[in-house]
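# Reading the structure
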Amino acid sequence: MSESHAQDGDHSSLADKFKHPFQELKDKLKDTHLHDAKVHLNHKKHQIGKLGNLFNPQHRHDEEHEKACDDKRSGIAGEHRFQSYFPARDGNLIKWYVDGRDYFWAVSVALEQAKETIYIADWWLSPELFLRRPPHFNQKWRLDEVLKRRAEAGVKIYVIVYREVEAALTCNSEHTKHALQGLCPKGSPGYGNIKVMRHPDHNVLENAADMTFYWAHHEKFIVIDYEMAFIGGLDLCFGRWDNHQHTLADVHPEGVSNEIWPGQDFNNNRVMDFKNVQDWKQNELSKAEYGRMPWHDVAMGVVGPCVYDIAEHFVLRWNFIKRDKYKRDGRFDWLMLRGREDKDEDLVGVQRPKHPVGDYILHPLTPLDTKNLNHRGTISAQIVRSSADWSSGILKDHTIQNAYIEVIKNAQHFVYIENQFFITATGDQQSPIHNKIGTAIVEACVRAGKEGRKFRVIIIIPAVPGFAGDLRDDAAIGTRAIMDYQYKSICRGEHSIFEQIRAQGVDPTNHIFVFNLRSYDRLNKTLSIEKQEEKSGVKYQEVQRAQAEEIMSSGIHGADGEHDKHLGISELKKEDKEESKSAEAKRRFEEANPDSEPPKSAYTVAHHAMADTGKLSDEPWEGDTEEEVHCWIQEELYIHAKLLIVDDRIVICGSSNLNDRSQEGHHDSELSIVMEDTDRIQSTMDGKPFEAGKHAATLRRYLWREHLGLLPPQEHDASNDANAQPPGEDSPNDIWDRDESYKFVEDPMSDALWEQWTTNATTNTETFRHLFHADPDDHVKTFDDYNVFLPPKGVKSGHIFDRYLPPDDIRRKLDQIKGHLVWMPLDYLKDANMAETGLQVNAWTESVYT
């Protein structure tokens, strides 16, 4: 350094001393107890100051730097389609997954290959979830075990879960947090590598101004190493694993180790909701008496530039929760994002407080150009979201709704919707419903009707939202309120979609068709099981618990003596005692059956609704045929997918339901992806040559064949199934084009296809009505109608209505069921007041149900 520069430096140093006379003292006090006390007082000042936010709902958007950031985000969004903050990006490789078996297997492979980071955002996460089945033979593939291995290998794992209102929901995020953070105790290789945040905060003293009780974090996505992402409708939680045949039964005379759904993973929300999920092995629902609720879902695996956008959304949410809840908690660091550094770090919520707590970590951990995100595939895709101030600290973003409206408005041939809910408005007269997706449907149908063009909107939703209870009971008024809003959205009242179309001279029944899904099975409670129960004095339900304890206990007790600290010592002693008791019960039960001969009857017959499986009536039954009558069961197949396919070209998939909660932006937080494949395949549309997008067309054809029963049932082992592998050039979707069914469903508007679709739905509906009196039904128009429609006392929910039907007649009837399609009962309770206004449903609470 030259002399002149040295002199300049001395002069500058002297000037600084005069300007900051106490800086030297500050430097000396730094890292002392006095400095720590000052910082602590500063933090307390800000903590107490948060109470002032009660009177300033715009406290995250009123300072100049906050306004500037909001303007910057708005400017970026204004340049993009749907006004999304994220751009449409070419070159994505995106793979679809139908149902939980394929999705969870692919996730298990991808997680096991993680090298640097894993991001998981979920509404509910069950650490004891098995990603592969049967669990007894796949214990290394339990979710907590997979995450533990990766953490011990040095992978940094970041998890965000919704912190539920405990009085209203049973998902127990506290258990999720403690179970995951206890996987790698202090001194172990992975210690500190798993971080779990819960949000929103319900601590009145800490966060009174920003507590949210009505709305939820509903996103479901995973990002691995900034190289791959998964996004869709499937949480990593109990009750979601399923295959295409949608089995209901899980009784195994040949041995309880063959069970598919252990503990609380065996669930039927219509009979009994999840209870005490931290007690994962307990299930008050006996498999010997009830079937589970089957689960249909759809998700996407993404490789390409959109992975970065999904990761950016996670980083924004992580930093927002750090600011909102963990700002003074050194366990949680700020995440910086490559590409959003320096002047743009505010876009992902990075803050620089005077006394920061926690480090600033740059992600991804290695440069972006090593992630191979560009030019990976042929799909143009765009991330859209529902997000707002309470959920991520930004101004309201309802770009999922924008995308739905624009895509549906521009539809020319068909709109296909699978969704958990269907609540929407056609104008401003349906308060409290505000989303205008219904308006777009009306416009598309009226335009087609007036042009004389064949056009269909096909909607598949659950028959009943998945909440427990008899629909006649007062306790079910919330469920009935949701159903009431759905009927008013679809077909009841002058502002419904049907009546708005009819008012413009077009017949809505030519264009709009609504369906549910339903499945049947047989409980394999054979004579041998009854004898075992009698001889051992142990009920099969106790054996269920013992099996769950055996294969799931390490998840909560932890390895090497570590345990989930929030249970407490007395609770753990109780757990150990119960474990020993359960093991003894299982031993006595198994010893009561010395006969090792396998049972003649299968544990499930649900596969007979699918292709190439023979006749159900040929299935053997071990025991008295009269007893078999008591073992037939049915249940609604719960549609949890959040999917839109339009004209075999555009797909929207994600976490967003079709209701205000998901679509309005400032209610539940959601993340979805809009996809259009530039790889066009020669197809047919309404009998004419048509260029379809490969991604949309193959997904739609696959789904329709599953619903029609034209696909084969799935084995549990998916190791050789391309559809159960992570996305990549070496594992494209198996579109199942090896038989004539692929060609049969090619043209979504063909008369032959539509004839089979509606015939299947009609036959299935009538069969379920005749044998089971499946609820809800068009024959129940008033509450009084229930008195003759529902089964008599002593007949459990979902079982054969008339116990005196000849066993062979039941089998012949069930032979007629193909696939799972049934008609939505649009006349159900049409002459009754479905949801009386009162304490539970009123002007204050109605937005919760919409």
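Notes on the structure follow. (Residues numbered from 1 in each chain as written. Predicted model: local features only at pLDDT ≥ 70, side-chain atom pairs only at ≥ 80, totals over all residues. Heavy atoms only, no water.)

### Some points on the pattern of salt bridges
Counted according to the given criterion, the structure contains 50 salt bridges. Between R453 and E451 there is a salt bridge; the shortest N-O distance is 2.8 Å. The exposure class of R453 is buried, given its relative accessible area of 18%. Linking R811 and E628 is a salt bridge whose minimum nitrogen-to-oxygen distance equals 2.8 Å. One end of the pair, R811, is in helix α24 (residues 807-815); the other, E628, is in helix α18 (residues 625-629), with 183 residues separating them in the sequence. Look at R811 and you get buried, because its relative accessible area is 7%. One connected set of salt bridges, linked through shared partners, spans K72, K343, D344 and D346. (Salt bridge = Lys/Arg side-chain N within 4 Å of Asp/Glu carboxyl O. Buried < 20%, exposed > 50% of the residue type's maximum accessible area, 1.4 Å probe, protein only. Helix = DSSP H or I, 4+ residues; strand = E, 2+ residues; numbered from the N terminus.)

### Brief notes about helix α12 (residues 437-451)
The terminal C-alpha atoms of α12 lie 22 Å apart, and with 15 residues this matches the ideal 21 Å at 1.5 Å per residue to within 8%. Regarding α12, the residues found buried are I437, G438, T439, A440, I441, V442, A444, C445, V446 and A448. Of the surrounding secondary structure, the elements contacted by the buried residues of α12 are α11 (399-409), β13 (414-418), β14 (456-460), α14 (497-502), β15 (512-522) and α19 (660-663). Phi turns positive one or two residues past the end of α12, at G452, with a value near 70°. (Expected span 1.5 Å × (residues − 1). Contact = heavy atoms within 4.5 Å.)

### Some words on the environment of V415
Following the sequence through the fold, V415 ends up in strand β13. Judged by its relative accessible area of 0%, V415 falls in the buried class. For the pair V415 and L644, spaced 229 residues apart in the sequence, the C-alpha separation amounts to 7.2 Å. V415 has contacts with I408, F455, R456, V457, I458, L644, I645 and V646, leaving out every residue within four places of it along the chain.

### Examining unusual backbone geometry
Cis peptide bonds are those with omega within 30 degrees of zero, and the linkage from R133 to P134 qualifies with -5°. Relative to the elements of secondary structure, P134 occurs in the loop between β2 (117-122) and α6 (143-152). Although it is not a glycine, D99 adopts a positive phi angle of roughly 75°. The topology assignment puts D99 in the loop between β1 (89-98) and α5 (100-112). Despite not being glycine, D648 has its phi angle at roughly 55°, a positive value.

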